[in-house]
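Structural characterization, general
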Amino acid sequence: MSEKLLKNIAQEEILKLADLVEIQKGQIVSKTLVQNQSVSVTLFAFDKGEEISTHESNGDAMVTVLEGTGKFTVDGTDFILNEGETLVMPAKKPHAVYGQESFKMSLVVIF
C-alpha cells in the first residue's frame, strides 16, 4: 500500500478549498495538504493586516486567492489579487504577502 500524499483533506468528495481554513483575528492560519521534496500545497487564511515578510523560495510558487484580496510583492513589484486570481512567483525572487483585507489563498510550490 502506498503512502497517501494528500493529508488534511477529504478524498472522493466535492470540496471548497476556502472552507478548509478559517480566518482568525490577528493570525495567519495554514493547513498543509502535501509536503515532499517535489511539491508543497498549503492553504492559508490571513487576517487583515497580517503579513509574511520578504523571503525567497527554492521553488516556483503559484498562489491563487480563494476569498478576499491579498497583496503580493515580488522582486519589488506589488500585485493585488482578488478572489479567483493567480500569480506565479519565480524561484529565488524575493517575495512577501500582505492581507489587504482578510483573505484566503492556496499556495503550490514546485521544487
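Structural notes, computed from the coordinates. Numbers given to residues run from 1 along each chain, matching the order in which its sequence is written. In view of the model being predicted, local features appear only for residues whose pLDDT reaches at least 70, and side-chain atom pairs are presented and counted only at 80 or more, with totals across whole chains, interfaces and linings using the full set of residues. Note that water and hydrogens are dropped before the side-chain values are worked out from all heavy atoms of the structure.

**Some points on the nonpolar core**
Note on terminology: a nonpolar core comprises buried Ala, Val, Leu, Ile, Met, Phe, Trp, Tyr and Cys residues joined through side-chain atoms within 4.5 Å. Classification of residues uses two cut-offs on accessible area relative to the type maximum, computed with a 1.4 Å probe and protein chains only: under 20% is buried, over 50% is exposed, and between them is partly exposed. Counting residues in each nonpolar core, the largest one holds 15 residues, and the members touching the most others are Val-63, Phe-72, Leu-87, Met-89, Phe-103, Met-105 and Leu-107. The numbering of helices and of strands both runs from the N terminus, where a helix is a DSSP run of H or I of at least 4 residues and a strand a run of E of at least 2. Secondary structure elements with two or more residues in this core: β2 (39–46), β4 (60–67), β5 (69–74), β7 (86–89) and β9 (103–110). Looking at this core element by element, the count peaks at four residues for β9. In contact with Leu-87, other than residues within four places in its own chain, are Ala-61, Met-62, Val-63, Phe-72, Val-74, Phe-79 and Leu-81. Ile-9, Ala-18, Val-34 and Ala-45 belong to the second largest nonpolar core, which has eleven residues in total. A contact between two residues is defined here by any heavy atoms of the two lying within 4.5 Å.

**Some words on the packing of aromatic side chains**
Two aromatic rings are characterised by how far apart their centres lie and by the angle between their planes. Only Phe, Tyr and Trp rings take part, Trp by its six-membered ring, and two of them pair if their centres are within 6.5 Å. Stacked means planes under 30 degrees apart, edge-to-face means over 60, and tilted covers everything else. Counting across every chain of the model gives three aromatic pairs. On the numbers, 6.1 Å between centres and 45 degrees between planes, the contact of Phe-44 with Phe-46 is tilted. For Phe-46, a relative accessible area of 0% corresponds to the buried category. Measuring from centroid to centroid gives 4.8 Å for Phe-46 and Phe-103, while their planes differ by 15 degrees, and the two rings are stacked. Placement of the pair is Phe-46 in strand β2 and Phe-103 in strand β9, with a sequence separation of 57 residues.

**A closer look at the pairing of β2**
Counting buried positions along β2 yields seven of eight residues, so the element is predominantly enclosed. In this analysis, strands are considered paired if DSSP registers two or more bridges between them. With seven bridges connecting them, strand β1 (residues 28–35) and β2 associate as antiparallel partners. Bridge assignment links Thr-32 to a residue of β2, and that residue is Thr-42. Hairpin connection of β1 to β2: three residues between the antiparallel strands. Two strands pair when backbone bridges link them, and β2 and β9 are joined in this way by eight bridges, in the antiparallel orientation. Each bridged residue has a counterpart across the sheet, and for Val-41 the counterpart in β9 is Val-108.

**Examining unusual backbone geometry**
The backbone phi angle of Glu-12 is positive, close to 55 degrees, even though this residue is not glycine. Mapped onto the fold, Glu-12 is located in the segment before β1. Positive phi, normally seen in glycine, also occurs at Lys-92, with a value near 70 degrees. Mapped onto the secondary structure, Lys-92 falls in the loop between β7 and β8 (95–98).

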